[in-house]
Amino acid sequence: LNVSHTIFAVVLAAGQSTRFGGSKLTQTLDGQPLIRYALAAAQAVLPGNVVLVTGYDAHSVTESSQGLADVVVFNPDYASGQGSSLAVGSRACCDDADAIVVMLADQPLVDADTLGRVVGAWNGDARQIVVSDYGDATGPPALFGKAGFEQLGELTGDSGAKDIIRSGPFNVVKVDIGPRGTDVDTPQDLSAADQVLSSEK
């Protein structure tokens, strides 16, 4: 990775976990709070440049993150949707960043190796976006070069990064991460992720 580029991770942890039926990010997965997985991967790949965006149950989520975030920003408008959290997070670091990696706090199988592949696929171009390909869909972790920052900072409500990717003069690169892109939306998802992590020990 080109050391002359400064890359920040923005970990989105503000959602209301409606399908989970409670605050999922503080749930224990293989002995650790769910939130720790995304943050630990981010710290391993982008040490010192990890922004955590909180909203729903912010106090517990921040406590569960156990100091793994370098900057914690609260999105007062979190209930309006992911776009607003993405805007808050990107505005918190865009002045210092050459690229921003958008991560979801509920993708525990995105480990340092997976994240490193996404970050490593960026060629340093401000107009390049790197997205993760799950096989049946694309999504986070996704890296945005500087040309996308303004749009990221203006997102509102539930509009997300996909709208930016579709809209602009960007060069989009896909990195196949397969089932590692699975996110935890339900208690069933949590136990499935637990089985995967246990089997990899």
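Here, the structure is the one placed above.
Residues numbered from 1 in each chain as written. Predicted model: local features only at pLDDT ≥ 70, side-chain atom pairs only at ≥ 80, totals over all residues. Heavy atoms only, no water.

A. Quick peek at unusual backbone geometry. The omega angle of the peptide bond from Pro140 to Pro141 is -5°, so this bond is cis rather than trans. Along the polypeptide, Pro141 turns up in strand β8 (residues 138-145). The phi dihedral of Asp57 is positive, around 50°, even though this residue is not glycine. With respect to the helices and strands, the residue Asp57 is situated in the loop between β4 (50-54) and α2 (58-64). (Helix = DSSP H or I, 4+ residues; strand = E, 2+ residues; numbered from the N terminus.)

B. Focus on the pattern of salt bridges. Going through the model one piece at a time under the given rule, you end up with seven salt bridges. Among the salt bridges present, the one from Asp185 reaches Lys24, with a minimum N-O distance of 3.4 Å. Placement of the pair is Asp185 in the loop between β9 (171-176) and α7 (187-199) and Lys24 in the loop between β1 (7-13) and β2 (28-29), with a sequence separation of 161 residues. A salt bridge links Glu200 to Arg180; the nearest nitrogen and oxygen atoms lie 2.5 Å apart. Here Glu200, found in the segment after α7, pairs with Arg180, found in the loop between β9 and α7; they are 20 residues apart in sequence, far enough to count as distant. The exposure class of Glu200 is partly exposed, given its relative accessible area of 43%. Within this structure, Arg19, Lys24, Asp106 and Asp185 form a network of salt bridges that share partners. (Salt bridge = Lys/Arg side-chain N within 4 Å of Asp/Glu carboxyl O. Buried < 20%, exposed > 50% of the residue type's maximum accessible area, 1.4 Å probe, protein only.)

C. Geometry of the packing of aromatic side chains. Tallied over the full model, the rule gives one aromatic pair. An angle of 65° between the planes, with centres 6.4 Å apart, marks the rings of Phe74 and Tyr78 as edge-to-face. With relative accessibility at 44%, the residue Phe74 sits in the partly exposed group. (Phe/Tyr/Trp six-rings, centres within 6.5 Å; stacked < 30°, edge-to-face > 60°.)

D. Examining the sheet that holds β1 more closely. Taken together, the seven strands give an open sheet; going across it, the order is β5-β4-β1-β6-β8-β7-β9, and neighbouring strands pair in mixed fashion. Here the strands that pair on one side only, and so sit at the sheet edges, are β5 (71-74) and β9. Each strand of the sheet is rotated relative to its neighbour by a mean of 20°, with strand direction disregarded. Bridge count between β1 and strand β6 (residues 99-104): six bridges; the pairing is parallel. Across the sheet, Ile7 pairs through a bridge with Ala99, a residue of β6. Along the sheet face, helix α3 (residues 82-93) touches β1, β4, β5 and β6 and points at about 150° away from the line of β1. (Pairing = 2+ DSSP bridges. Axes fitted to C-alpha atoms, helices over the stretch in contact; angles between N-to-C directions. Contact = heavy atoms within 4.5 Å.)

E. Spotlight on the pairing of β8. Of all eight residues making up β8, seven are buried, and the element is well covered by its neighbours. In terms of strand pairing, β6 meets β8 through four bridges, oriented antiparallel. Within β8, the residue paired with Val101 across the bridge is Leu143. The sheet contact formed by strand β7 (residues 128-133) and β8 spans four bridges and is antiparallel. Across the sheet, the residue bridging to Ile129 is Phe144, located in β8. Two successive antiparallel strands, β7 and β8, enclose a turn made up of four residues, where Gly135 displays a positive phi of approximately 105°.

F. Quick look at the side chain of Arg36. You can see Arg36 is positioned in helix α1 (residues 35-45). One buried charged residue, Arg36, forms no salt bridge at all, with the nearest opposite charge on Asp30 at 11 Å. In contact with Arg36, not counting residues within four places along its chain, are Ser64, Ser65, Gln66 and Leu68. (Lys, Arg positive; Asp, Glu negative; His and termini not counted.)

G. The nonpolar core, seen in detail. The biggest cluster of nonpolar side chains holds 38 residues, and the ones touching the most others in it are Ile7, Val11, Ile35, Leu39, Val101, Met103 and Leu115. For this core, the secondary-structure elements that each account for two or more residues are β1, α1, β4, β6, α4 (112-120) and α7. Once residues within four sequence positions are removed from consideration, Leu115 is found in contact with Ala41, Ala42, Val45, Val101, Met103, Val110 and Pro141. Core analysis: the second largest hydrophobic core is formed by 26 residues, Val53, Cys94, Phe144 and Leu155 among them. (Core = buried A, V, L, I, M, F, W, Y, C linked by side-chain atoms within 4.5 Å.)

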